[in-house]
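Each chain, written out:
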Protein chains: 2
Amino acid sequence: MDKYVVGLDIGGTNMRGALLDGDEEQVDELKIPSEANLGIERLIDNLADFIDKIRGDKKIYGVGLGIPGIIDSTRGVITAAPNIKGVHNYPIRDVLREKLDGDIKLVIENDANMVGLGEWRKGAGKDVNSMIMMTIGTGLGGGLILNGQLWSGAHGMGGEIGHMTINSEGPRCKCGNYGCLETYASANAIRRMVSEAISNGSISTALGDRAKAARPGEIPELVMEAALSGDETALGIWQEVGKALGIAIASLQNLLDVDMVVLGGGIANAWDLFIRTAEDEAAIRGFDAPMEKLKIEKSVLGDDAGILGAGYLALQK
Amino acid sequence: MDKYVVGLDIGGTNMRGALLDGDEEQVDELKIPSEANLGIERLIDNLADFIDKIRGDKKIYGVGLGIPGIIDSTRGVITAAPNIKGVHNYPIRDVLREKLDGDIKLVIENDANMVGLGEWRKGAGKDVNSMIMMTIGTGLGGGLILNGQLWSGAHGMGGEIGHMTINSEGPRCKCGNYGCLETYASANAIRRMVSEAISNGSISTALGDRAKAARPGEIPELVMEAALSGDETALGIWQEVGKALGIAIASLQNLLDVDMVVLGGGIANAWDLFIRTAEDEAAIRGFDAPMEKLKIEKSVLGDDAGILGAGYLALQK
């Protein structure tokens, strides 16, 4: 009998997932609304529905859940999750165990950790043992694979690469710290840099006019387009993003000495606009010997990485 | 028959080590000059002599060596070691294997990694699974114990906590980077801060006069004494040290989520002068949930930590 698992990526708007067989091959996939804004009980009901629908008449060995937030994966608890209404220290693993067949293995991790696992198993990192994942979207999430194992911390709360300080006197971060990597390399960071360029009058007229008329969600795309058509302000913003990534990559490599850093998420689509700066900055700042061993690659799995990582972790359980 | 190992800590001036039995208990100890300034061949001869002397007529199972520098522990190579004359990509493990009985297991690691292992096995961290060691001396060395294993990197070059950037616009570091933790928290950092205070005239007269008359090696002790007698400049310097440690501890805990950070090395003897600032800064900057799980402790083994760690690693081999 084959061993089936469900890998799930839970977002604020949708939950996406797949049924995988024991060879980590995708058998089926599904996407339904998560309704996380309606509270955790509704989310749990949707999760149970999702698992029922996707398994059909197959027996499920395990379920892996990637959840955006601070996750205590050792206890199966959502410590904090800004995108799920009314959640604080919520024992999601125990609650789901009550709802589902008691034999099903349940593994809960921060979503970026699952993305890292997926890219390592099936994506850019499939030929290396140790890899750092950075998921650059609204914020910057991270996942650490050390010698073929996810390291999410002694209490499952680690991997928060976006909240390493790179400039202790830098901008205030949403987390309360100052100068986190995320304040320089994320969609939020790009919006901040555009706002500052508008405030201090250093923005080009063309970009400034378009940015003032745009919704916040459109700004990163707009800065990407402007840079591609040679706008100096926009090009400078991507260089700032690249520089910050380079500073962080050097620190991480001096500290962890891995084989590969993989960059994914929507912002990584601007690859050609920042990667050279990032590589140069990392080479200048990091120790030569470990930096020479390091590859920096773009993610290849996109949105599927988190699902595949979650399924893989459930299979390992 | 008992399983004996030698744990060795190789410094620029001396090599210190111990013979341990299979229970990691110390049977004998020895200290001889390393003569590292006379070149690697002399150091190797001294190492062979050391091992011969300390083993007497006992059969040795393994030898663990802690060496200051960038060590490729997977290949047993000293990549770079500023304190050993003429060493670059030197295959010390193979060379020693030729000199010693071929059955002896040889493990080579950066010295701070060995200190971390020792403090985790027998010292401040003996009751935890995951621990970060910071050895604060002339520079700042580090060692990472993750879930009961030393993580020294995919190529054995990791753990360089002192060379994480905490302020990308900070002072130039000896490693070529800017604003490394080591530029704020080390004996070298304290000397820099004293020099700057003298240059810009912000130093108290009493401390300034004493500092100008002192040798560089005496400066940290002098700043410790001055702070204990209430000197404002000196107290401010220790606060800078504490603040930098707090910034780094918050980044490390957001990233690695361990149970304990242990601070050792000569500078850690000024504990009461910086620890409160370090704890406060880390609590402000780090995520609440993992920070609440973290203990920050002073090393208890001092100079013996590296020897015990090296012996332990040889036993594990």
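Residues numbered from 1 in each chain as written. Chains lettered and ligands numbered in written order. Predicted model: local features only at pLDDT ≥ 70, side-chain atom pairs only at ≥ 80, totals over all residues.

*Asks:* Help me out: how do you make sense of the overall build of chain A in this one?
*Replies:* Along its length, chain A carries 10 helices and 13 strands. Here the C-alpha atoms of chain A give a radius of gyration of 20 Å, agreeing with the 20 Å that 2.2 N^0.38 yields for 317 residues. C-alpha extents for chain A along the principal axes are approximately 60 × 45 × 35 Å. Taken over 317 residues, chain A has a buried fraction of 56%. (Helix = DSSP H or I, 4+ residues; strand = E, 2+ residues; numbered from the N terminus. Rg over C-alpha atoms; globule rule 2.2 N^0.38 Å. Buried ≥ 20, exposed ≤ 12 C-beta atoms within 10 Å, placed from the backbone.)

*Asks:* Looking at this model, I keep getting lost on the domain arrangement of chain A. Mind explaining?
*Replies:* All names here are of chain A. Each assigned domain of chain A is listed with its residue range as follows: domain 1 (4–117 + 304–316) and domain 2 (128–298). One C-alpha centre belongs to domain 1, the other to domain 2; they are set 28 Å apart. Contact with domain 1, which involves 15 residues of that partner, is made by 15 residues of domain 2. When contributions to the side of domain 1 that touches domain 2 are tallied by element, the ones reaching two or more residues are β5 (70–72), β8 (105–110) and α3 (111–122). Considering every element that reaches the side of domain 1 that touches domain 2, the biggest residue donor is α3, with 6 residues. (Domains from an automatic or database assignment. Contact = placed C-beta atoms within 7 Å.)

*Asks:* What am I meant to see in the nonpolar core here?
*Replies:* Burial of nonpolar side chains together is a common tendency in soluble globular proteins. In this structure, A:Leu181, A:Ala248, B:Leu181 and B:Ala248 are the most contacted members of the largest nonpolar core, which totals 221 residues. Those residues in contact with B:Ala248, other than ones at most four positions away along the chain, are B:Ile161, B:Met164, B:Ile166 and B:Leu181. (Core = buried A, V, L, I, M, F, W, Y, C linked by C-beta atoms within 7 Å.)

*Asks:* I tried to follow the interface of chain A and chain B on my own but got confused; where do I start?
*Replies:* In this complex, chain A contributes 38 residues to the contact, which on the side of chain B involves 38 residues. The element best represented in the side of chain A that touches chain B is helix α7 (residues 232–256) of chain A, accounting for 6 residues. Residues belonging to the side of chain A that touches chain B are distributed by class as follows: 18 nonpolar, 14 polar and 6 charged. (Nonpolar A, V, L, I, M, F, W, Y, C, P; charged D, E, K, R; others polar.)

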